[in-house]
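# Analysis of the macromolecular model
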Amino acid sequence: MLGNWSMTPITGVFGAELTGARARDGVDPAWLSSMLEDHRLLVLRDQHLSHAEQVALARALGEPTPAHPVIPGHPDFPEILEQDGAKGGRNARWHTDVTFIPAPPAASVLVGDSTPLSGGDTMFADTRTAYERLAAPLRKMLDELEAVHRISPLAYWGEPFDSALNRDDAQQLLDDSAKVPPVIHPVVRVHPNTGRPNLFVNPGFTTHIVGWSRIESDGLLAMLYEHMTQPEFVLRHRWRDGDVVIWDNRATMHYAVDDYGTTERRVRRVTIRGALPVGPTGVESRIADDPLIAIR
């Protein structure tokens, strides 16, 4: 406990709920970063932060990025990405935020403005523990592998048949996404602060393993995704209006459950600028400028 904050673990492996204080009154940046690195995910209940207060809280963790590489942010707060389920802001697929750029965000700060009384939960997977629970020979192999990541144009709006976008909007997203080159990341990322290795692939943006055939790559990734999303490595956050959820984007992935129909669900996200990922062998992330490697 620090000051008025109390911490309660959420699961036996990761996640913590912080209660007893107001984030708008300020938090110690070093303490908040340490808590996030230890627990990978923090839940602050009943905060009801304004847009400015959300950005201020995010700044305690580092430098906020623009809202998204191809999607405009809030007109007054360009750091904030607003996600409204009624306007297509849904993403019912496991992913780690923005891994389709060379230096993905270090963390994300999500505020729930209007959330369903039932449904609309967000699930999180602990990719650090998932790596540690793999057999040693498999970890050794994965330590040396790289994978290609690329943007999915409709990643934040679901498949076209679920989308609230019109055809022109979808075409604009497709055109803008085509300007974002694919990147290569290590399959295992060493956390820059803790030094702990984490699995760093996700179904949302990872397309294939570099140098492997389609059968080999698809088979390995499918096995890893099944392993990473075992209940032992997953927690499910049931939203209440005013909640703030902060996660370490270097050591988790998440899934927004799309089970709330036409019920209103509005959340807003700020991401924190991250460092270039580095693997156990020292290999660094980079743009995939060789089409024979990038294409799949």
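Everything numeric here is computed off the predicted structure, so don't read it as measured data.

### Topic: the overall build of the protein chain
Within the protein chain, the secondary structure is distributed over seven helices and 16 strands. Over its C-alpha atoms the protein chain spans a radius of gyration of 18 Å, differing by no more than 12% from the 19 Å that the globule rule assigns to 296 residues. Evaluated residue by residue, the protein chain yields a buried proportion of 53% over its 296 residues. Of the contacts formed within the protein chain by residues at least 6 apart in sequence, a portion of 83% connects residues at least 24 apart. For the protein chain, the accessible area works out to roughly 13200 Å², and carbon and sulfur atoms hold 52% of it. Computed over 29 positive and 39 negative side-chain charges, the separation of the two mean positions in the protein chain equals 2 Å.

### What to know about the packing of aromatic side chains
Per the counting criterion, the structure on display carries four aromatic pairs. The ring of Phe-200 is capped by Arg-189, whose NZ or CZ atom sits 5.1 Å from the centre of that ring.

### So, the sheet that holds strand S16 (residues 286-287)
Here four strands make up an open sheet; going across it, the order is S11-S7-S8-S16 and the pairing antiparallel. Sheet topology places strand S11 (206-209) and S16 at the edges, where each strand pairs with a single neighbour.

### Structural notes on the pairing of strand S6 (residues 122-126)
Taken across its five residues, S6 has five buried, putting it largely inside the fold. Of the pairings in the sheet, the one linking S6 to strand S12 (residues 234-237) comprises four bridges and is antiparallel in character. Across the sheet, Ala-125 pairs through a bridge with Val-234, a residue of S12. Note: S6 against strand S14 (residues 252-256), five bridges, orientation antiparallel. Within S14, the residue paired with Met-123 across the bridge is Tyr-255.

### What about the nonpolar core?
Leu-32, Leu-42, Leu-44, Leu-57, Val-244 and Ile-246 are the most contacted members of the largest nonpolar core, which has 26 residues in total. At the level of elements, strand S2 (16-19), helix H1 (29-39), strand S3 (41-44), helix H2 (51-59), strand S5 (107-114), strand S13 (244-248) and strand S15 (266-272) are the ones that each hand at least two residues to this core. If near-sequence neighbours (up to four positions away) are discounted, Leu-42 is found in contact with Ala-16, Leu-18, Leu-32, Met-35, Leu-36, Val-244, Val-245 and Ile-246. With 23 residues, the next largest nonpolar core counts Met-123, Tyr-131, Ile-209 and Leu-221 among its residues.

### Examining helix H5 (residues 167-177)
Given 3.6 residues per turn, any residue in an α-helix points the same way as the ones three and four places further on. Looking only at H5, the buried set comprises Leu-173, Asp-176 and Ser-177. Down the axis of H5, the sector holding all buried residues measures 100 degrees, keeping them to one side. Residues of H5 that are exposed and angled more than 90 degrees away from the buried face: Arg-167 and Asp-168.

Definitions and cut-offs
- Residues take numbers from 1 onward in each chain, read along the sequence in its written order.
- At least 70 in pLDDT is required for a residue's local features to be given in this predicted model, at least 80 for side-chain atom pairs to be given and counted, and no such filter applies to totals for whole chains, interfaces and linings, which use all residues.
- Water and hydrogen atoms were dropped before computing side-chain values, which therefore reflect all heavy atoms in the structure.
- Secondary structure counts use DSSP, requiring at least four H or I residues in a row for a helix and at least two E residues in a row for a strand, with both numbered from the N terminus.
- Two things to know: the radius of gyration comes from C-alpha atoms, and the globule rule equals 2.2 Å times the number of residues to the power 0.38.
- A 1.4 Å probe rolled over the protein chains alone gives each residue an accessible area, and that area as a share of the maximum for its type sets the label: buried under 20%, exposed over 50%, partly exposed in between.
- Only heavy atoms enter the contact rule, under which two residues are in contact if any of them lie within 4.5 Å.
- Using a 1.4 Å probe, accessible areas were evaluated by the Shrake-Rupley method; residue-level cover was limited to the displayed protein chains.
- Note that His is not counted, nor are the chain ends; the positive residues are Lys and Arg, and the negative ones are Asp and Glu.
- By convention, the charge on Lys lies at NZ, on Arg at CZ, on Asp at CG and on Glu at CD.
- Only Phe, Tyr and Trp rings are paired, with Trp represented by its six-membered ring, and only when their centres lie within 6.5 Å; those with planes under 30 degrees apart are stacked, over 60 edge-to-face, the remainder tilted.
- Any Lys NZ or Arg CZ that is within 6 Å of a ring centre and within 35 degrees of that ring's normal is treated as a charge sitting over the ring.
- Strands were regarded as paired on the criterion that DSSP finds at least two bridges between them.
- Definition of nonpolar core: a set of buried residues of the types Ala, Val, Leu, Ile, Met, Phe, Trp, Tyr and Cys, connected through side-chain atoms within 4.5 Å.
- Within this analysis, the arc is defined by the directions that extend from the helix axis to the C-beta atoms.

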